[in-house]
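The lines below spell out each chain.
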Amino acid sequence: MTMFDQRAFRSALGCFPTGVTIVTAPNPGGDPIAMTVSSFNAVSLDPPLVLFSVKRSAFSLPVLLEASHFAVSVLRGDQTEISARFAHAQGAKWAGLEPRFGATGCPLASQGLATFECEPHAVHDGGDHLIIIGRVVSFEVEADGEPLIFFRGGYHSIAARA
Ligand SMILES: Cc1cc2nc3c(=O)[nH]c(=O)nc-3n(C[C@H](O)[C@H](O)[C@H](O)COP(=O)(O)O)c2cc1C
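Since we're looking at a predicted model, the values are computed, not measured. (Residues numbered from 1 in each chain as written. Predicted model: local features only at pLDDT ≥ 70, side-chain atom pairs only at ≥ 80, totals over all residues. Heavy atoms only, no water.)

Visitor: Tell me about the site of the ligand, and please be specific about residues and values.
Guide: Taken together, 20 residues are adjacent to the ligand, and Thr36, Ser39, Lys55, Ser60 and Gln90 come closest. At 3.0 Å from a nitrogen atom of the ligand is found a main-chain nitrogen or oxygen belonging to Ser38. Between an oxygen atom of the ligand and a side-chain N or O atom of Ser39, the distance comes to 2.7 Å. About the coverage of the ligand: the protein hides 87% of its 640 Å² of free accessible area. Broken down by secondary-structure element, the contributors of at least two residues to the shell around the ligand are strand E3 (33–37) and strand E5 (49–55). Tallied by class, the residues present in the shell around the ligand amount to 10 nonpolar, 8 polar and 2 charged. (Near = heavy atom within 4 Å. Polar contact = N/O pair within 3.5 Å; in protein donor to acceptor, adjacent residues only side chain to side chain. Areas by Shrake-Rupley, 256 points an atom, 1.4 Å probe, with all protein chains shown as cover. Helix = DSSP H or I, 4+ residues; strand = E, 2+ residues; numbered from the N terminus. Nonpolar A, V, L, I, M, F, W, Y, C, P; charged D, E, K, R; others polar.)

Take a look at the structure:
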């Protein structure tokens, strides 16, 4: 195998701008799990499928894999604090913040641009991550608002083209 500069690879991947989401799921043993996730993407319209990848070392992963439902909330441009809050491993992620609950009873992290509540559909090997595919059973969408963008390791907002 050729030597692979992981840091350079990570930087190269960071050239692809993404939105930012919070993935949440009920946790019978404690606070709902919640983690910041930028690997979210659409997969299929029929059936309605979405995906994201979760690193195998994430503390949230065992609970997520057992959950009957999980939710993905797409953050607005002014929600960098929420993104930072749920990007820290474990800890008191919900301190001072109450989850709201969606149509499926799944805890939701924020009133973002859109929320997708999912049933588990499939889990695939993704190297040091697992690729999780959810079947969307309920969703909410806001008519207005700008997304939070993650690009080259930092937060950005969409600028209108002149
Ligand atoms: C903008 C941003 C995007 C992220 N995207 C992902 C992702 O797609 N998958 C992932 O596993 N971790 C991602 N992370 C890192 C997790 O949010 C972080 O590891 C979190 O601490 C996991 O929490 P846990 O270990 O308590 O489960 C991202 C972090 C940031 C700041």
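That was the structure; now back to the text.
Visitor: Any details on the packing of aromatic side chains? Residues and values, ideally.
Guide: Tallied over the full model, the rule gives 6 aromatic pairs. With centroids separated by 5.6 Å and ring planes inclined at 90 degrees, the aromatic side chains of Phe52 and Phe70 adopt a geometry described as edge-to-face. Taken as a pair, Phe52 in strand E5 and Phe70 in strand E6 (residues 70–74) lie far apart in primary sequence, 18 residues in all. Side by side, Phe52 and Phe70 carry an identical accessibility label, which is buried. One aromatic cluster in this structure is built from Phe40, Phe116 and Phe139. (Phe/Tyr/Trp six-rings, centres within 6.5 Å; stacked < 30°, edge-to-face > 60°. Buried < 20%, exposed > 50% of the residue type's maximum accessible area, 1.4 Å probe, protein only.)

Visitor: An account of the pattern of salt bridges is requested, with residue identities and associated values reported.
Guide: Tallying each qualifying case throughout the model produces 4 salt bridges. Glu81 is the salt-bridge partner of Arg85, the closest N and O atoms lying 3.4 Å from each other. Taken together, the residues span about one helical turn, with Arg85 and Glu81 both in helix H3 (residues 80–85) at a distance of 4 residues. For Glu81, a relative accessible area of 48% gives the class partly exposed. (Salt bridge = Lys/Arg side-chain N within 4 Å of Asp/Glu carboxyl O.)

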